[in-house]
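An overview of the molecular structure
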Amino acid sequence: QMAWMTDAKGWIYWYNQRWYDYTGTTFESMQGWGWEAVQHPDLLGGVKERFIAALASGKDWEDTFLLRGKDGTYRWFLSRAVPIRNASGEIVQWLGTNTDISEQRKIEEDLKESEERFRSLAETLPQLVWVTDARGKSEFASKSWEALTGVKPRGEEQWKAVVHPDDYDNINKTWMRSLATGDVYKYDVRLRSKTGEYIWHSVTGEPVYDKENNIIKWVGAFSEIQHIKEEEQRKNDFIKIVSHELKTPITSIKGYVQLLLMLLEQEQEIPLPAQINSSLVRIDKLVTKLTRLITEMLDLSRIEAERLELQNETIQINYLVEEAIEDIRHSHTNHTIAITHDYHCAVYGDKNRLEQVIINLVTNAIKYSPDGSNIEVFIRKQNENQVAISIQDFGIGIDKHDQEKIFERFYRVEGKTEQAYSGLGIGLFLVKSIVERHNGSLSVESERGLGSTFTFVLPVVAAG
Ligand code: ADP
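All right, on to the site of the ligand then. As a structural note, the neighbourhood of the ligand is formed by 21 residues, with Asn364, Tyr368, Asp393, Arg412 and Leu428 the closest of them. Contact between the ligand and Tyr368: an oxygen atom at 2.8 Å from a side-chain N or O atom of the residue. Val413 has a polar backbone atom sitting 3.4 Å from an oxygen atom of the ligand. When the ligand is considered free in solution it has 530 Å² of accessible area, and contact with the protein chains removes 98% of it. Here the element with the most residues in the shell around the ligand is helix 11 (residues 351-367); it accounts for three residues.

Right, dumping it as structure tokens:
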């Protein structure tokens, strides 16, 4: 800090060494009002005027100005002076200081500039951009927010007024979870526009960290996805109609094929080319495959419409696994399937649906591993309350980045190896949905080229 002293009239009679070090001047040139020489000419008039006014009023003085250093460049200073009085209260001298605030001003200016940049960016984006503090309290909302909803998203009440009542609880839960865990916040939600219609938006929010890795803010945006949702709905409706329409003729075809097979067996004395029988058997298998695909599509639309009904009962899971796999063994003779029962227990659920889960995972294991290889099924105790059923294959495996996506609807891994297998990419989505409807979870561990292990965990109702 620089320091200086004046007499009662403001005539400077002393500076500390720092003043001379910075300005490169001498006492002779600086005494009295010599300091005017190192002031910036553009500011000097105002500075002088305010200083003289302070001298006259006898009140503390404070100002900011530019001072020229000995290298000829100017820096910003905050200057303060206080009057010193004698016993009878008269001002006898002034004591002043100058503090270099150039760095601070630069930081403030940079900050202001970057804030302005953020604001103009946020305002030009079509998304509804928002910023909250670490605890989720709103700090900024772009104008587009108000343009859409007609209100500022400033508190619980406004928030409740714009979110569709059916989405309100879930989006809040998701937000609270992100606030608690620091996980990225992502949700699809209907927002009420000022004209009263609800428009689908997808929100994404990410935490901002300080150097110590503490969350200091959340920044995010709502993007309109109404047209995507409408497309999705049309696609779902289409899948539903197609699968319904296909189901009836396919069921009839299956019936006729089986009737023919039966007749052939009964009327053996009629000489018929051998090919007829083998062709019918082949047709029967293909129709079964087709039926399964159509059933998958129908199940998908049920899940989509949240109309998958479960007929729950207590099930001995070990029997269920054995039964389901026995059926698969008959139709898939090129793989060996071994079951290990490390734990015996009962679960509460829908027998057919859980069987579907097992069949799906085991047929996938067969489909994505070479003929002659083994499939291993393990039933293990996960913990006191849960059982884990794992299906392990030694097939093509799944890359890390695909492992999460394979549970999404219609997702199929695209690669040379995978192209050889047909499928709709619905199976795992159904399996996951069914398992979750049973309050369970589904996961995968896999390494490319070495094989995969799919595990689903279910709550246990009775052990043994
Ligand atoms: P689909 O088998 O009809 O394509 P799924 O939903 O059952 O659909 O599976 C999605 C994708 O996950 C498959 O396309 C495949 O790439 C991959 N996948 C599933 N199971 C396995 C497995 N056991 N081994 C390797 N890849 C698998």
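The sheet built from five strands is open, its strands ordered 12-14-15-17-16 with mixed pairing. Only two strands of the sheet have a single partner each, and these edge strands are strand 12 (336-341) and strand 16 (441-447). Ignoring which end each strand starts from, the neighbouring axes of this sheet average 15° apart. Bridge count for strand 15 (residues 386-393) against strand 17 (residues 451-459) is seven bridges, and the pairing is antiparallel. When the sheet's bridge partners are listed, Val387 is paired in strand 17 with Leu458. Against the sheet, helix 10 (residues 317-331) contacts strand 12, strand 14 (374-383), strand 15 and strand 17, and its axis sits at roughly 175° relative to strand 12. Running over the sheet, helix 14 (residues 427-437) touches strand 16 and strand 17 and is turned about 140° from strand 16.

Our focus in this paragraph is empty space enclosed by the protein. Counting across every chain of the model gives one cavity of 30 Å³ or more. Its volume calculated, the largest cavity comes out at about 120 Å³. Lining the largest cavity are 13 residues; nearest its centre among them are Trp4, Ile12, Trp35, Trp61 and Phe65. When contributions to the lining of the largest cavity are tallied by element, the ones reaching two or more residues are strand 2 (12-15), helix 3 (41-57) and strand 3 (61-68). Its residues assigned to classes, the lining of the largest cavity comprises ten nonpolar, three polar and no charged.

Quick look at helix 7 (residues 165-181) now. Over its 17 residues, helix 7 extends 25 Å from the first C-alpha to the last, a length consistent with the 24 Å expected when each residue adds 1.5 Å. Considered for burial, the residues of helix 7 that qualify are Asp167, Tyr168, Ile171, Asn172, Thr174, Trp175 and Ser178. What you see down the axis of helix 7 is that its buried residues fit within an arc of 165°, all on one side. Counted as exposed and oriented over 90 degrees from the buried face of helix 7: Asp166, Asp169, Lys173, Arg177 and Ala180. Contact partners of the buried residues in helix 7: strand 6 (128-133), helix 6 (156-162), strand 8 (185-192), strand 9 (198-209) and strand 10 (215-224).

Moving on: the sheet that holds strand 2. With antiparallel pairing, five strands are arranged side by side in an open sheet as 2-1-5-4-3. For this open sheet the edge positions go to strand 2 and strand 3, each flanked by a neighbour on one side alone. Each neighbouring strand pair of the sheet contributes to a mean axis angle of 25°, computed without reference to strand direction. The strands touched by helix 3 are strand 1 (2-7), strand 3, strand 4 (74-85) and strand 5 (91-100); relative to strand 3, the strand with the most contacts, the crossing angle is about 150°. Relative to the sheet, helix 4 (residues 102-124) contacts strand 3, strand 4 and strand 5, its axis offset from that of strand 4 by approximately 120°.

The tally for this structure, following the rule as stated, stands at 20 aromatic pairs. Here the aromatic rings of Tyr15 and Trp19 are separated by 4.3 Å at their centres, their planes lie at 15°, and the arrangement is stacked. When its relative accessible area of 4% is taken as the criterion, Tyr15 is described as buried. Centroid distance Tyr22 to Phe77: 5.2 Å. Interplanar angle 65°. Geometry classified as edge-to-face. Here Tyr22, found in helix 1 (residues 17-23), pairs with Phe77, found in strand 4; they are 55 residues apart in sequence, far enough to count as distant. Residue classification places Tyr22 among the buried residues on the basis of a relative accessible area of 17%. Judged by its relative accessible area of 2%, Phe77 is buried. Looking at Arg380, its charged tip hangs above the ring of Phe378, at a distance of 4.3 Å from the centre.

For the rest of this paragraph, the subject is the nonpolar core. Considering soluble globular proteins, one finds that nonpolar side chains tend to be buried as a cluster. Val321, Leu361, Val387, Ile389, Ile391 and Phe456 are the most contacted members of the largest nonpolar core, which totals 48 residues. At seven residues, the largest contribution of residues to this core is made by helix 11. Residues in contact with Ile391, not counting those within four places in the same chain, are Leu361, Val362, Ala365, Ile375, Glu376, Val377, Ser452, Thr453, Phe454 and Phe456. Counting residues in hydrophobic clusters, the runner-up holds 21 residues, among them Met30, Trp35, Leu44 and Trp94.

Basis of the calculations
- Residues numbered from 1 in each chain as written.
- Predicted model: local features only at pLDDT ≥ 70, side-chain atom pairs only at ≥ 80, totals over all residues.
- Heavy atoms only, no water.
- Near = heavy atom within 4 Å.
- Polar contact = N/O pair within 3.5 Å; in protein donor to acceptor, adjacent residues only side chain to side chain.
- Areas by Shrake-Rupley, 256 points an atom, 1.4 Å probe, with all protein chains shown as cover.
- Helix = DSSP H or I, 4+ residues; strand = E, 2+ residues; numbered from the N terminus.
- Pairing = 2+ DSSP bridges.
- Axes fitted to C-alpha atoms, helices over the stretch in contact; angles between N-to-C directions.
- Contact = heavy atoms within 4.5 Å.
- 1 Å grid on protein atoms, 1.4 Å probe; cavity = no way out; pocket = protein on both sides within 12 Å on 5 of 7 lines; lining within 4 Å.
- Points joined across faces, edges and corners; volume = space filled by probe spheres on them.
- Nonpolar A, V, L, I, M, F, W, Y, C, P; charged D, E, K, R; others polar.
- Expected span 1.5 Å × (residues − 1).
- Buried < 20%, exposed > 50% of the residue type's maximum accessible area, 1.4 Å probe, protein only.
- Arc of directions from axis to C-beta.
- Phe/Tyr/Trp six-rings, centres within 6.5 Å; stacked < 30°, edge-to-face > 60°.
- Lys NZ or Arg CZ within 6 Å of the ring centre and 35° of its normal.
- Core = buried A, V, L, I, M, F, W, Y, C linked by side-chain atoms within 4.5 Å.

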